Amino acid sequence: MSRNSFLFSTIRSFNDAVARSLVSERLSTAPYLLQQFDPRVRLISIFLLILATVFCRRLSILTFVFALSVMLAIASHVSVWSLVKRVWVIVFVFTGLIALPALFTTSGEILVHFPGSLSITRQGLRTALMLVLRVETTATLTTTLVLCTAWNRLLRGLRSLGIPSELIVIAAMTHRYIFLLIETANQMFESRVSRTVGVLGWRQERSITTQSAAVLLSKSMDLSHEVYLAMLARGFRGDIRLLGEQRLRVWDCLGLISIGALAALVIWVGR
Amino acid sequence: MPPLFELQDVSFDYDGVPALSRLNLQIERGQQIVLLGANGSGKSTLLRLLNALCFPSLGSVRFEGNLLTRESSQRDEFMLTFRRRTALVFQNPDAQLFNPTVFEEIAFGPLQMQWSEAEVTRRVNETMDLMGISHLRGRPPYRLSGGEKKRVALASVLVLDPEVLLLDEPTATLDPRTQSQFIDLVQGWRDTSKTVITATHQLDIVEDIARSALVMEAGTVVASGSTSEILMNSELLLKTNLIHAHRHSHNGIVHSHPHSHRHSHQH
Amino acid sequence: MHIPDGYLSPSTCVTMYALASAGWYSAIKRTKRLLATRTIPLIAMFAAFSFVVMMFNLPLPGGTTGHAVGVTIAAIVLGPAGAIVSISIALFLQALFFGDGGITTFGANCVNMAIVGSLVAFAAYRLIARSSSSPSRRVFAAGVAGYFAINVSALLTAFEFGIQPLLFHDAHGTPLYAPYGLQIAIPAMMVGHLTVAGFAEAFLSAGMLSFFQRTERALLDKGPISAASTVVSPDINRLWLALGLLTLLTPLGVLATGTAWGEWRPSELAARMDAGSSHASIPSGIAKLSGIWTAPFPAYAPPFVRSPVFGYLLSASFVVGILLLSSLLIKSVAGRRDSRDLVS
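## Some details on the overall build of chain B
Phase 1 of the analysis: Per the secondary structure count, chain B includes nine helices and twelve strands.
Phase 2 of the analysis: A compact globule built from 267 residues would reach a C-alpha radius of gyration of about 18 Å, and chain B, at 20 Å, matches this within 12%.
Phase 3 of the analysis: The C-alpha extent of chain B, read off along each of the three principal axes, is 65 × 45 × 35 Å.
Phase 4 of the analysis: Looking at chain B as a whole, 54% of its 267 residues qualify as buried.
Phase 5 of the analysis: If you take every contact in chain B between residues at least 6 apart in sequence, the share linking residues at least 24 apart comes to 61%.
Phase 6 of the analysis: With the model as given, the accessible surface of chain B reaches about 11,800 Å², and the carbon-plus-sulfur share is 48%.
Phase 7 of the analysis: Counting 25 positive and 30 negative side-chain charges, chain B places the averaged centre of each group 2 Å from the other.

The structure is reproduced here in structure tokens:
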């Protein structure tokens, strides 16, 4: 049963990825805090706050920025529960795992002594806390941005900020293809799993995987070629033209300036 | 007045595998033709040649007397007009859905035609109303059903108001209702000056969408005539693998005769 | 191998963004120049593959994570420029949607995986496959190139990670960013990649090349890079040259001090630095280093230029430079030996 459950969990995690981007559709049109601002302003603001987090050298200020990012998320109607599920637990586990040894390896003032020359130092604790807090804060900020902004507005915002159109188109296509790949892979997995009875042997599983992978690849390459033809057929000649963004409103400028000031303050106080 | 499309002795192969051989064809403006053929008969390749998406290994393809070659495809002015006036709808709608939302997808063509943004927006809204997909404007492609995808794909080419429509298996994978909506659309073009070439192997819709038909087999045209004539020629249809004969039963009676699996009749 | 926000100090991030920008700029120029417009959907397809491949990763305590990247097959089919764009886009989407890799560290992640990864994979593939038209030889080359490229990327990542506690800590000796020195970071990263991730990439690259040889011959023969491949692009050459020159700026005195990297303990260093340069127990090597670095700069130069920390940063670039120069060397040796395009 364990081998089949690997397949199932792979399917589930793929579906999860698909589901994730769906939520952003609902939130991105809702009238909450972050949604009020032009996507460019959102991009720059979140980036400034992330920058402030990385510059911050004091644990107390870092905690303040974390609290701020949570409030921003809540004000934009991102539920705390979804933050916990998506970001905080994962980051805590991953980063925690990575940071854990630092408690013991960083030399300095000893706080807790364990038998066998292992000890937790004050410096180690501070380091681990700062690392985890930084990652949690920046992850919260990024997730809030993505959940509150429709993908196409994000791309258009980047275009207005100067990223070349070709890259924007490639990014958009990649995003599209990822879901196509996932859908096709899902379909292939599900049809295989439902057709096999009982536990699959190692060899069978490997050959199923390689066959499926080959089919997936084939379909993907064909699709890529067809997309190229479809682009040509509608007039693409090498220089892509995309829709532009509207002008910034006073509201947007004010928001941007305040966040900028806040970030600068945090960096100054937290240095 | 040269014919709209003229193919002379056209051969085409994919990496040595022949797809079209010594094809001769003339298509006049305003004709509405159906290209009949089983899978692999070369229908898709022919449509792509007509749309200058690939070029013949031998022979020539002309549009209004102009040669369509790799070289002529470099001439910007010519190609810009050509691309606006001709449209190809691919069999796989996913090939035509590479933008983040439906609105942007439909806007892609007009934007590449260098129209102003105001004009683009107006045209896109018009087309979405026409196709009944205005409610899908902000949807990403992966949240569209099969039928919706096809409609968006159609809209993305119709927005340019093309004179020539090349449709590759347009009703494959469509449910009956969407299929009939599509047929209504094509019938709406019947008395306009639009040239519509539909490639399909679905015999049951053929009479509804075109008056003349071409039958393809192994990369050449083996027959042409009015659709009703062709449909009555069971021998031809059997030979070109458009229908088949095998023992089957309905109403409890077992028999065998040529048929395609989309019909019902009484015995 | 993705480095999240918070593991690297702002100055490291800025340096890496600068390096990444140079890489992106020449890659974009090169792909634009080829103007094989069919590369747009192709690049996107490889980016999507890479994205999916990178989703399968394992955390490596003491380092970040270990996984395959898919950069090797991208470099072989699209060429290094196309692969740089492709993998960077995959990394961008991962940073945004899945929090895999940070925003401030995006430059670093791209340098490690997309830029250095592509260049090393491409160069290694060329070197091993040479002008051989034997498909199995090329599949083998793809595998080895993949293994090598992933490990170089991992080493670079470990390096960036590991110098953080050395350079960025507060007055009490607390590391402010990544807390493990090179002596932990390097083994932590390398063990996972030398044993698992490297082989994953190797099998992926070999498998995909073998698949493409069977089903997409046209892509390999007339693909985007076949046009001008044996001629090394002047842009990429310039990039390597620039980075190579960085090594000349590095105070070689670091090596001259005779102090091994791994033996520096952050707190010891911090305590000593804080005590001021007149403290008697500063390792003589460091004192020498400070001297070498600060001496040439007149008093009116900004303070950060005169600081030993800046010198250490430049030493870091030395390692990067060495890695890239080796790739350049490999590539030019391979280039001299064959006169035809290797990928066909």
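## A short note on the interface of chain A and chain B
Phase 1 of the analysis: In this assembly, 32 residues from chain A lie in contact with 37 residues from chain B.
Phase 2 of the analysis: Both sides of the chain A and chain B interface together cover about 3,100 Å² of buried area, and 58% of this is carbon and sulfur.
Phase 3 of the analysis: Among the residues chain A hides against chain B, the three largest losses belong to Arg176, Arg234 and Arg241 of chain A. Together they make up 29% of the total.
Phase 4 of the analysis: Taken together, chain A and chain B are joined by four salt bridges.
Phase 5 of the analysis: The tally of links from chain A across to chain B stands at eleven residue pairs in polar contact (both at pLDDT 80 or more).

## A closer look at the pattern of salt bridges
Residue and element names in this part refer to chain A.
Phase 1 of the analysis: All told, the structure shown has 17 salt bridges over all chains when counted by the stated rule.
Phase 2 of the analysis: Among the ionic pairs, aspartate 38 bridges to arginine 40, the shortest N-O distance being 3.0 Å.
Phase 3 of the analysis: According to the relative accessible area criterion, arginine 40 is buried, its value standing at 16%.
Phase 4 of the analysis: Notably, a salt bridge pairs arginine 249 with aspartate 252, separated by 3.1 Å at the nearest N-O pair.
Phase 5 of the analysis: Exposure remark for arginine 249: the relative accessible area of 45% places this residue in the partly exposed category.

## Thoughts on the pairing of strand E4 (residues 58-63) of chain B
All names here are of chain B.
Phase 1 of the analysis: Of the strand pairs in this sheet, strand E1 (residues 5-14) and E4 are connected by five bridges, and their pairing is antiparallel. Across the sheet, glutamine 8 pairs through a bridge with serine 60, a residue of E4.
Phase 2 of the analysis: Direction of pairing for E4 relative to strand E5 (residues 66-67): antiparallel, over a ladder of two bridges. Residue pairing for E5: phenylalanine 63 is matched across the bridge by asparagine 66.
Phase 3 of the analysis: The hairpin turn running from E4 into E5, its antiparallel successor, is two residues long, and glutamate 64 in that turn takes a positive phi close to 55°.

## Let's talk about the environment of phenylalanine 64 of chain A
Phase 1 of the analysis: Tracing the backbone through its elements, the reader meets phenylalanine 64 of chain A in helix H3 (residues 59-75).
Phase 2 of the analysis: Taking the C-alpha atoms as reference, phenylalanine 64 of chain A lies 23 Å from alanine 102 of chain A; in sequence the two are 38 residues apart.

## A look at the nonpolar core
Phase 1 of the analysis: Ranked by internal contacts, the top residues of the largest apolar core, which has 200 residues, are Met173, Tyr177 and Met231 of chain A, Leu50 of chain B together with Phe46 and Phe212 of chain C.
Phase 2 of the analysis: Considering every element that reaches this core, the biggest residue donor is helix H3 (residues 71-98) of chain C, with 18 residues.
Phase 3 of the analysis: Once you skip the residues sitting within four places of it in the chain, tyrosine 177 of chain A turns out to touch Leu223, Ser224 and Val227 of chain A together with Pro41, Ala44, Met45 and Ala48 of chain C.
Phase 4 of the analysis: Listed in part, the 47 residues of the second largest apolar core include Leu160, Leu167, Ala210 and Leu237 of chain B.

## Examining the sheet that holds strand E10 (residues 220-226) of chain B
Hydrogen bonds between backbone atoms are what pair the strands of a sheet, whose relative direction is either parallel or antiparallel.
All names here are of chain B.
Phase 1 of the analysis: Spatially, the six strands line up as an open sheet ordered E6-E7-E8-E3-E9-E10, and their pairing is mixed. Of all strands in the sheet, those with a lone pairing partner are strand E6 (86-89) and E10, marking the two edges. Taking each pair of neighbouring strands and ignoring which way they run, the sheet shows an average axis angle of 15°.
Phase 2 of the analysis: The strands that helix H5 (residues 146-158) touches are E6 and strand E7 (164-168); relative to E6, the one it contacts most, it runs at about 170°.

## Side note on the packing of aromatic side chains
Residues and elements named next belong to chain C.
Phase 1 of the analysis: Taken as a whole and judged by the stated rule, the model has 18 aromatic pairs over all chains.
Phase 2 of the analysis: A centroid spacing of 4.8 Å and a plane angle of 45° characterise the contact between tyrosine 147 and phenylalanine 199, whose relative ring orientation is tilted. Here the residue tyrosine 147 occupies a position in helix H5 (residues 135-162), and phenylalanine 199 occupies one in helix H7 (residues 182-215), the gap between them amounting to 52 residues.
Phase 3 of the analysis: Residue class for tyrosine 147 comes out partly exposed when judged on its relative accessible area of 24%.
Phase 4 of the analysis: When its relative accessible area of 40% is taken as the criterion, phenylalanine 199 is described as partly exposed.

## Details of a nonpolar patch on the surface
Residue and element names in this part refer to chain A.
Phase 1 of the analysis: Taken together, the side chains of Leu111, Val112, Phe114, Leu118, Leu125 and Leu129 make up a nonpolar region of the molecular surface, amounting to roughly 470 Å² of accessible area.
Phase 2 of the analysis: Elements represented by at least two residues in the nonpolar patch include exactly strand E1 (110-114) and helix H5 (122-148).
Phase 3 of the analysis: Of all the elements, E1 adds the most residues to the nonpolar patch, at three residues.
Phase 4 of the analysis: The residue leucine 118 is located in strand E2 (residues 118-121) in this model.
Phase 5 of the analysis: Judged by relative accessible area, which is 42%, leucine 118 ranks as partly exposed.

## Observations concerning the interface of chain C and chain A
Phase 1 of the analysis: Listed as interface residues are 61 residues of chain C and, on the opposing side, 61 residues of chain A.
Phase 2 of the analysis: A combined buried area of about 5,400 Å² lies between chain C and chain A, and 78% of that area is made up of carbon and sulfur atoms.
Phase 3 of the analysis: Put simply, chain C and chain A have zero salt bridges between them.
Phase 4 of the analysis: Taken together, the links from chain C to chain A amount to six residue pairs in polar contact (both at pLDDT 80 or more).

## What to know about helix H3 (residues 102-112) of chain B
Phase 1 of the analysis: Most of H3 of chain B sits out of view: eleven of its eleven residues are buried.
Phase 2 of the analysis: Taken residue by residue, H3 of chain B has Val102, Phe103, Glu104, Glu105, Ile106, Ala107, Phe108, Gly109, Pro110, Leu111 and Gln112 of chain B as its buried positions.

## Section: unusual backbone geometry
Residue and element names in this part refer to chain B.
Phase 1 of the analysis: Not every positive phi belongs to a glycine, and alanine 52 is a case in point at roughly 55°.
Phase 2 of the analysis: Secondary-structure assignment places alanine 52 in the loop between helix H1 (43-50) and E4.
Phase 3 of the analysis: Exposure remark for alanine 52: the relative accessible area of 4% places this residue in the buried category.
Phase 4 of the analysis: Here glutamate 169, not a glycine, exhibits a phi torsion of approximately 45°, which is positive.
Phase 5 of the analysis: Along the chain, the position of glutamate 169 falls in the loop between E7 and helix H6 (176-188).
Phase 6 of the analysis: Judged by relative accessible area, which is 2%, glutamate 169 ranks as buried.

Definitions and cut-offs
- Residues numbered from 1 in each chain as written.
- Chains lettered and ligands numbered in written order.
- Predicted model: local features only at pLDDT ≥ 70, side-chain atom pairs only at ≥ 80, totals over all residues.
- Heavy atoms only, no water.
- Helix = DSSP H or I, 4+ residues; strand = E, 2+ residues; numbered from the N terminus.
- Rg over C-alpha atoms; globule rule 2.2 N^0.38 Å.
- Buried < 20%, exposed > 50% of the residue type's maximum accessible area, 1.4 Å probe, protein only.
- Contact = heavy atoms within 4.5 Å.
- Areas by Shrake-Rupley, 256 points an atom, 1.4 Å probe, with all protein chains shown as cover.
- Lys, Arg positive; Asp, Glu negative; His and termini not counted.
- Charge placed at Lys NZ, Arg CZ, Asp CG, Glu CD.
- Buried area = accessible area lost by both parts, 1.4 Å probe.
- Salt bridge = Lys/Arg side-chain N within 4 Å of Asp/Glu carboxyl O.
- Polar contact = N/O pair within 3.5 Å; in protein donor to acceptor, adjacent residues only side chain to side chain.
- Pairing = 2+ DSSP bridges.
- Core = buried A, V, L, I, M, F, W, Y, C linked by side-chain atoms within 4.5 Å.
- Axes fitted to C-alpha atoms, helices over the stretch in contact; angles between N-to-C directions.
- Phe/Tyr/Trp six-rings, centres within 6.5 Å; stacked < 30°, edge-to-face > 60°.
- Patch = residues over 30% accessible without salt bridge, like charges linked within 9 Å, V, L, I, M, F, W, Y side chains within 5 Å.

The values are spatial; any link to function lies outside them.
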